[in-house]
Amino acid sequence: MRLGSRLYRRILLMALCSGGALFQVTSCSPGVRDAVLQGLETTSTTFANILLQALFAGLGD
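Residues numbered from 1 in each chain as written. Predicted model: local features only at pLDDT ≥ 70, side-chain atom pairs only at ≥ 80, totals over all residues. Heavy atoms only, no water.

Some words on the overall build of the protein chain
Secondary structure summary: the protein chain contains two helices and zero strands in total. In the protein chain, which comprises 61 residues, the share counted as buried stands at 2%. With the model as given, the accessible surface of the protein chain reaches about 5500 Å², and the carbon-plus-sulfur share is 69%. (Helix = DSSP H or I, 4+ residues; strand = E, 2+ residues; numbered from the N terminus. Buried < 20%, exposed > 50% of the residue type's maximum accessible area, 1.4 Å probe, protein only. Areas by Shrake-Rupley, 256 points an atom, 1.4 Å probe, with all protein chains shown as cover.)

A word on a nonpolar patch on the surface
Taken together, the side chains of Val32, Val36, Leu37 and Leu40 present a nonpolar region at the surface, about 300 Å² in accessible area. Here Leu40 lies in helix H2 (residues 30-60). (Patch = residues over 30% accessible without salt bridge, like charges linked within 9 Å, V, L, I, M, F, W, Y side chains within 5 Å. Salt bridge = Lys/Arg side-chain N within 4 Å of Asp/Glu carboxyl O.)

This is how it looks when you write it as structure tokens:
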């Protein structure tokens, strides 16, 4: 029970920090904001592709 509560707090803290970081990104110059958002988009797309490839590689075995 205690482990679940600790994990929940960590996830909540991480979500709050991520939201705060994105709020900071939107208040800076448009060029910097666009570069950061494009980098986040590329990173998340690459991460999703890696997860899908790993899933299908695991199913192939």
